[in-house]
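Tertiary structure, described
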Amino acid sequence: MTSLNVPVQMRFFDQDQYGHINNVTMLRYFEDARVRLTASPIKKDPDHGIPEDTTFRESVGELRSVVAHQSVDYKEQLFFRMDPVIVRTWISKIGGSSFTISYSLQEEDGSHVYAQGESVIVMMDPETGKSVKLSEDHKALLASLEDDVKYDHAR
């Protein structure tokens, strides 16, 4: 069970005309967390030939990871402040050629959750533009970043 807490420093221009952090800006915060998660060094896994400090991003080589779907549920208004806000991020599902990254934009202690979301990432061959199956090694790398936390979708 692993999640990564990414502190995000708000910028004054992240606000909209109502004085709260704009909904599109929250997707940028999620993007920053997604990039950091896939670039996080993981522990050695000799069963899958994964050396110490390997990252998922390094392991895929020339393959591209593309966002196929995103969803965001806005829970509470977030107003500009000088203290960072936390994006908790983790892998929540691993499929054949895709995986899902989940996010919670929140206070460090979890006392307030401002937004939650998911991104479905598909692995793609850059030459053909077609999806590519995740190898067992890639699945093992992703599993080391997996967490079973779920969030309530606002529907």
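In the nomenclature of an unreviewed UniProt entry, the protein corresponds to Thioesterase from the organism Kocuria varians.

Turning our attention to the packing of aromatic side chains. In the structure shown here, the tally under the stated rule is two aromatic pairs. A centroid spacing of 5.6 Å and a plane angle of 85° characterise the contact between Phe12 and Phe80, whose relative ring orientation is edge-to-face. Of this pair, Phe12 sits in the loop between strand S1 (4–8) and helix H1 (23–38) while Phe80 is found in the loop between strand S2 (64–74) and strand S3 (85–94), placing the two residues 68 residues apart along the sequence. Overall, the relative accessible area of 63% leaves Phe12 in the exposed class. Using a relative accessible area of 26% as the deciding quantity, one classes Phe80 as partly exposed. With a centroid separation of 4.5 Å and 5° between ring planes, the pair formed by Phe30 and Tyr103 is classed as stacked. Linking Phe30 in helix H1 with Tyr103 in strand S4 (residues 98–106), this pair joins segments that are 73 residues apart in sequence. Take Phe30: its relative accessible area is 1%, and that puts it in the buried class. Above the face of the Trp90 ring, Arg88 is positioned so that its terminal group lies 5.2 Å from the ring centre.

So, on to H1. In an α-helix, one full turn covers 3.6 residues, which means residues spaced three or four apart are oriented alike. Given a rise of 1.5 Å per residue, 16 residues ought to cover 22 Å, and the 23 Å separating the end C-alpha atoms of H1 matches this to within 8%. The complete set of buried residues in H1 reads Thr25, Met26, Tyr29, Phe30, Ala33, Arg34, Leu37 and Thr38. Contacts from the buried residues of H1 go to S1, helix H2 (56–59), S2, S3, S4 and strand S5 (113–124).

What follows concerns the confidence of the model for the protein. Mean pLDDT over the protein works out to 87, with 91% of the residues at or above the 70 mark. Put simply, H2 is where the protein has its lowest mean pLDDT, 76, and S5 is where it has its highest, 96.

The next subject is the pattern of salt bridges. All told, the structure shown has four salt bridges when counted by the stated rule. Arg88 is the partner of Asp147 in a salt bridge, and the nearest nitrogen-oxygen pair spans 3.3 Å. Remark: Arg88 occurs in strand S3 and Asp147 occurs in the segment after helix H3 (136–143); sequence separation between them is 59 residues. Overall, Asp147 belongs to the buried group, its relative accessible area being 4%.

Conventions used here
Residues numbered from 1 in each chain as written. Predicted model: local features only at pLDDT ≥ 70, side-chain atom pairs only at ≥ 80, totals over all residues. Heavy atoms only, no water. Phe/Tyr/Trp six-rings, centres within 6.5 Å; stacked < 30°, edge-to-face > 60°. Helix = DSSP H or I, 4+ residues; strand = E, 2+ residues; numbered from the N terminus. Buried < 20%, exposed > 50% of the residue type's maximum accessible area, 1.4 Å probe, protein only. Lys NZ or Arg CZ within 6 Å of the ring centre and 35° of its normal. Expected span 1.5 Å × (residues − 1). Contact = heavy atoms within 4.5 Å. pLDDT = per-residue confidence, 0-100. Salt bridge = Lys/Arg side-chain N within 4 Å of Asp/Glu carboxyl O.

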